[in-house]
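# Residue-level structural notes
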Amino acid sequence: MPKNVHSHDETWLPHKHVNLLGKELHIYREVSSTNSIAKQMAKSGAREGTIVISGTQSAGRGRMQRKWFCPPGKGLLLSMLLRPKISVQFIPQLTLLTAVVVAETIKKVTGCTAGIKWPNDIYINNKKVCGILAETSFSRTNVEHVIIGLGLNVNLNTDQLPPDCKDTGTSLSIELGQRVSRISLLKQFITSWDEHLQSFMKEGHPYLRSKWLENNVTIGKKVSINKRDGSLDGLAVDVSEKGGLIVRLSDGSLQEFLAEDVSLRNN
Ligand code: ATP
């Protein structure tokens, strides 16, 4: 393990089991972005576990100011509000956990095998079917809340994918050749989240790591890491407790990369 990868430390575990089942669910026809609405609700005191869903978004977003597009009623656009008592550096683990939950949800509802591309995308047959975006608010020293949003392409046909994503994106219905129930996906997502979070709380990073490794398409692949000041090539070898990707570079050294600093291309 490289030096900056932390060993197991009890203090970073979420303080209690945040069940989604039985919490408030807010359903909209159209919003700017479900993450933005969930954030407003968080600021006005909404309970942990609150979920926001919308049929479409006028300003859906991904990482690094990128846009997420979904035609009305064709996707599962969902954000959940969490208030975890964990230190900031471990927040990315919640993104990894969400990715595990989405991959399992897709598998259970459709039978399709979905793979996680580090850190926050879900792929089927080498094409992106879902993006995940976690946004954190801080008070001076503490994490105030975390909003985790996902945009899952459910019943889009190829023509409904964004023009620049027709070759790189897919939807569950494209893969399956039939419509998929968004309600079934939502129910499964909630059930799987509650189950995986409970195990994660009991067992910590080793649980998350094993589930993530089981479901990912990045580890063992040659990758290009695009940083602000250039790019590096290497072999993806592991995921760290901070949710970082551990890469063996061409000089044999191991380096950890954090999602907020880099973009990744599987080669
Ligand atoms: P990368 O795929 O390079 O890792 P990212 O993780 O930064 O990108 P996200 O933040 O998950 O990307 O999502 C934003 C990107 O996803 C957009 O730049 C666009 O290329 C692509 N995209 C937007 N809408 C869709 C969609 N409905 N289906 C597939 N891809 C989409």
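Residues numbered from 1 in each chain as written. Predicted model: local features only at pLDDT ≥ 70, side-chain atom pairs only at ≥ 80, totals over all residues. Heavy atoms only, no water.

With that out of the way, let us pick up the pattern of salt bridges. Pairing between side chains becomes possible if they bear opposite charge and their charged atoms approach one another. Tallied over the full model, the rule gives 5 salt bridges. A salt bridge links Lys128 to Asp121; the shortest N-O distance between them is 3.3 Å. Asp121 gets classed as buried once you look at its relative accessible area, which sits at 9%. For Asp238, the salt bridge identified is with Arg209, shortest N-O distance 2.9 Å. (Salt bridge = Lys/Arg side-chain N within 4 Å of Asp/Glu carboxyl O. Buried < 20%, exposed > 50% of the residue type's maximum accessible area, 1.4 Å probe, protein only.)

A separate point is the environment of Asp238. Inspection of the secondary structure puts Asp238 in strand β9 (residues 230-239). Residue Asp238 is classed as buried on the basis of its relative accessible area, which comes to 9%. (Helix = DSSP H or I, 4+ residues; strand = E, 2+ residues; numbered from the N terminus.)

All right, on to unusual backbone geometry then. A cis amide bond links Trp118 to the next residue, Pro119, at an omega of -5°. You can see Pro119 is positioned in the loop between β4 (115-117) and β5 (121-124). With a phi close to 45°, Asn125 is a non-glycine residue in the positive phi region. Of the residues examined, Asn125 reaches a relative accessible area of 60% and is grouped as exposed. Backbone geometry at Asn126 places phi at a positive 70°, although glycine is not the residue there.

What follows is about the sheet that holds strand β1 (residues 25-31). Sheet architecture is open: 7 strands sit in the order β1-β2-β3-β7-β6-β5-β4, paired in mixed fashion. Looking at strand neighbours, the two that pair on one side only are β1 and β4, the edges of this open sheet. Going across the sheet, the axis of each strand differs from the next one's by a mean of 20°, ignoring polarity. As judged from the 4 bridges shared by strand β2 (residues 51-57) and strand β3 (residues 75-82), these two strands associate in the antiparallel manner. Along β3, the bridge assignment pairs Val52 with Ser79. Against the sheet, helix α2 (residues 92-110) makes contact with β3, β4, β5, β6 (127-138) and β7 (143-153), and its axis sits at roughly 145° relative to β6, the strand it touches most. (Pairing = 2+ DSSP bridges. Axes fitted to C-alpha atoms, helices over the stretch in contact; angles between N-to-C directions. Contact = heavy atoms within 4.5 Å.)

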